[in-house]
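Each chain, letter by letter, is given below.
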Amino acid sequence: SVNLRLVVDYGFFWFLSQALFYLLCFVNEFLNNWGFSIIVVTFFIRLVFFPFSAVSYKAMAKLRYIQPKIENLKNFYRNDKKQFGIALVDLYKKEHVNPFSGCLPILIQIPFFVAFYYVLLQSVELRMAPFILWIEDLSVKDPYFFLPILMGVSMIIQQKLNPKPTDKFQERFMAIIPFILTLLFLQFASGLVLY
């Protein structure tokens, strides 16, 4: 039936998911490997959003640059949170830094990444689809857990490139997120982890 595609639940961003599914199928016609097709489509999405990501990276670089000054302010106003807040805002103005400018580009990208997640979650095409070496079915978990561990290591590296949070609790929390996500992704389908 022409409406058979409507039985697939792509979630809230279904219209984006359908477009990404057609793109994935198109790429797979040339590569004939769903794993490499996932990598190419993910790379394409990243490429399209690179200008937004560049804005975010520049904002993070500026925050990293002024991080020592923030630490000095924190030590100087150790017992006066209100004055610290005022001094911090003044520092941001003086250095022309907007701490929230790194968030907006990420928020714009989220619908596309969620949509592609649903494509990979719902696509029957990944069932029994081999990728490389030991990954013979992209719809089941990696039997050796190589992909989830690689994902966790890449998250740790990305965190090292970002400025440290000013709050110690937040810093500790951010440090354990890669480990939590790695444990969670151990049971995910290889195609999802690859993405």
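The model shown is predicted, which means the values in this text are computed figures rather than measured ones. (Residues numbered from 1 in each chain as written. Predicted model: local features only at pLDDT ≥ 70, side-chain atom pairs only at ≥ 80, totals over all residues. Heavy atoms only, no water.)

Draft legend 1. Quick peek at the overall build of the chain. From N to C terminus, the chain includes eight helices and zero strands. The N-to-C order of helical and strand elements in the chain reads α-α-α-α-α-α-α-α. The buried share of the chain, reckoned over its 195 residues, is 35%. At a minimum sequence separation of 6, the contacts of the chain that also span at least 24 residues come to 67%. When the accessible surface of the chain is summed, it comes to about 13200 Å², and 69% of that surface belongs to carbon and sulfur atoms. (Helix = DSSP H or I, 4+ residues; strand = E, 2+ residues; numbered from the N terminus. Buried < 20%, exposed > 50% of the residue type's maximum accessible area, 1.4 Å probe, protein only. Contact = heavy atoms within 4.5 Å. Areas by Shrake-Rupley, 256 points an atom, 1.4 Å probe, with all protein chains shown as cover.)

Draft legend 2. Structural context of the nonpolar core. Leu24, Ile38, Ile45, Phe116, Leu120 and Leu138 are the most contacted members of the largest nonpolar core, which totals 27 residues. Every residue in contact with isoleucine 45, bar those within four places of it in the chain, is listed here: Leu20, Phe113 and Phe116. (Core = buried A, V, L, I, M, F, W, Y, C linked by side-chain atoms within 4.5 Å.)

Draft legend 3. Focus on the side chain of asparagine 33. Note that asparagine 33 resides in the loop between α1 (14-31) and α2 (34-48). Within the structure, asparagine 33 has its side chain in polar contact with the backbone nitrogen of phenylalanine 36 (distance 3.1 Å). Contacts of asparagine 33, omitting those with residues within four sequence positions, involve Asn28, Pro130 and Phe131. (Polar contact = N/O pair within 3.5 Å; in protein donor to acceptor, adjacent residues only side chain to side chain.)

Draft legend 4. Region of interest: unusual backbone geometry. Positioned with a positive phi, asparagine 32 is a non-glycine residue whose angle comes to about 55°. Residue position: asparagine 32 is located in the loop between α1 and α2. Taking the relative accessible area as the measure of exposure, asparagine 32 reaches 67% and is therefore exposed.

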